Protein chains: 2
Amino acid sequence: MRASSIPVDAKTLNRMAAQARVLKALAHPTRLFIVDQLSRHEICVCELTDLIGADISTVSKHLSVLRSAGVLTDERRGAQVFYRLRTDAVRPVLAGAREIVQSFAREQVELAKAG
Amino acid sequence: MRASSIPVDAKTLNRMAAQARVLKALAHPTRLFIVDQLSRHEICVCELTDLIGADISTVSKHLSVLRSAGVLTDERRGAQVFYRLRTDAVRPVLAGAREIVQSFAREQVELAKAG
DNA sequence: TGAACATTTGGCCAATTGGCCAAATGCGTG
DNA sequence: CACGCATTTGGCCAATTGGCCAAATGTTCA
């Protein structure tokens, strides 16, 4: 017989939802690329648009998602708007995701050899 | 005049897509809750289902997403299947997301005070 | 103020996702 | 083998998302 478990409380679920929102903001190739670039130095919308090659409005919406999730901040300087990381707490998320992918790839290779 | 930027190469985009897939797997309240629980100790599907209170098939599909993204591994022991983190690299992702949410909340409070 | 540039917002459509139910599969025991 | 329990898979539907275009907004400068 299995131990019966008490269901999650609403508070925990809310915390999970808040954190999931942050991760969701990062969980898109274009948005992750943006954040990766901004982890090096701030960049304006127009230059990001050049880098990405999508419609400016698309890039702007991605930036809006990242900003309202608390990942990025923006600062207007003249006609341009520059974006940068809002907090260094973003870095371990990027690094972790990178490492998960790498170690998973290595593991798959091992399994293939063994296979 | 702005510096013109060279568009991203396909290789970088592929890397971003791979990492985004991992983050996407984590970017769901229920799945994040599962991973958070498993960051403490391994748990079987049936107990996770108790904890979450959703349909077993729903939980199983969430676990499948996390497993095929390289976040979790599973091990069958008798009739039960136990899941656990596949790598410790998952931890900094969780911690980072938590801290982003916290610092953003603090910042919002400050802004509200400042009016 | 009007032209030119930078950015955001609204609207629309195709594609993806998350949930449940039902059915299939895997494993241990009598 | 047949039953019971644990888990996965298939099918279906409602809701969300990401992309582009068009239009609105903000800023500089003549």
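Residues numbered from 1 in each chain as written. Chains lettered and ligands numbered in written order. Predicted model: local features only at pLDDT ≥ 70, side-chain atom pairs only at ≥ 80, totals over all residues. Heavy atoms only, no water.

Hey, could you go over the sheet that holds strand 3 (residues 80-85) of chain A for me, with residue numbers and the actual values?
Residue and element names in this part refer to chain A. With respect to topology, 3 strands assemble into an open sheet ordered 1-3-2, the strand pairing being antiparallel. This sheet does not close on itself; its edge strands, each paired only once, are strand 1 (43-44) and strand 2 (72-77). In terms of strand pairing, strand 1 meets strand 3 through 2 bridges, oriented antiparallel. Paired with Ile 43 across the bridge in strand 3 is Tyr 83. Sitting on the sheet, helix 2 (residues 29-38) is in contact with strand 1, strand 2 and strand 3, with an inclination near 85° to strand 3. (Pairing = 2+ DSSP bridges. Helix = DSSP H or I, 4+ residues; strand = E, 2+ residues; numbered from the N terminus. Contact = heavy atoms within 4.5 Å. Axes fitted to C-alpha atoms, helices over the stretch in contact; angles between N-to-C directions.)

Before we move on, could you go through the protein's contact with DNA strand D and cite the residues and values that matter?
Taken together, 23 residues lie around DNA strand D, and A:Thr58, A:His62, B:Cys46, B:Ser60 and B:Lys61 are the ones closest in. Protein-proximal atoms of DNA strand D, defined as those within 4 Å of the protein, fall in sugar or phosphate at a share of 67%. Interatomic distance of 3.1 Å between a side-chain N/O atom of A:Arg31 and a phosphate oxygen of DNA strand D. At the level of elements, helix 4 (56-68) of chain A together with helix 3 (45-52), helix 4 (56-68) and strand 3 (80-85) of chain B are the ones that each hand at least two residues to the surface near DNA strand D. Here the surface near DNA strand D is built from residues that sort into 8 nonpolar, 8 polar and 7 charged. (Near = heavy atom within 4 Å. Polar contact = N/O pair within 3.5 Å; in protein donor to acceptor, adjacent residues only side chain to side chain. Nonpolar A, V, L, I, M, F, W, Y, C, P; charged D, E, K, R; others polar.)

I'd like a rundown of the pattern of salt bridges, residues and numbers included.
This model, assessed by the stated rule, comprises 20 salt bridges over all chains. With a shortest N-O distance of 3.1 Å, B:Glu107 and A:Arg86 are connected by a salt bridge. Residue B:Glu107 is located in helix 5 (residues 90-114), and its partner A:Arg86 is located in the loop between strand 3 and helix 5 (90-114); the two belong to separate chains. By relative accessible area, which is 27% here, B:Glu107 ends up partly exposed. A:Glu110 is the partner of A:Lys113 in a salt bridge, and the nearest nitrogen-oxygen pair spans 3.8 Å. Within this pair, A:Lys113 and its partner A:Glu110 are both found in helix 5, separated by 3 residues, close to a single helical turn. Of the residues examined, A:Lys113 reaches a relative accessible area of 63% and is grouped as exposed. Among the residues examined, A:Glu110 registers a relative accessible area of 46% and is labelled partly exposed. Residues joined by salt bridges that share partners form a network here, namely A:Glu42, A:Glu75, A:Arg77 and A:Arg84. (Salt bridge = Lys/Arg side-chain N within 4 Å of Asp/Glu carboxyl O. Buried < 20%, exposed > 50% of the residue type's maximum accessible area, 1.4 Å probe, protein only.)

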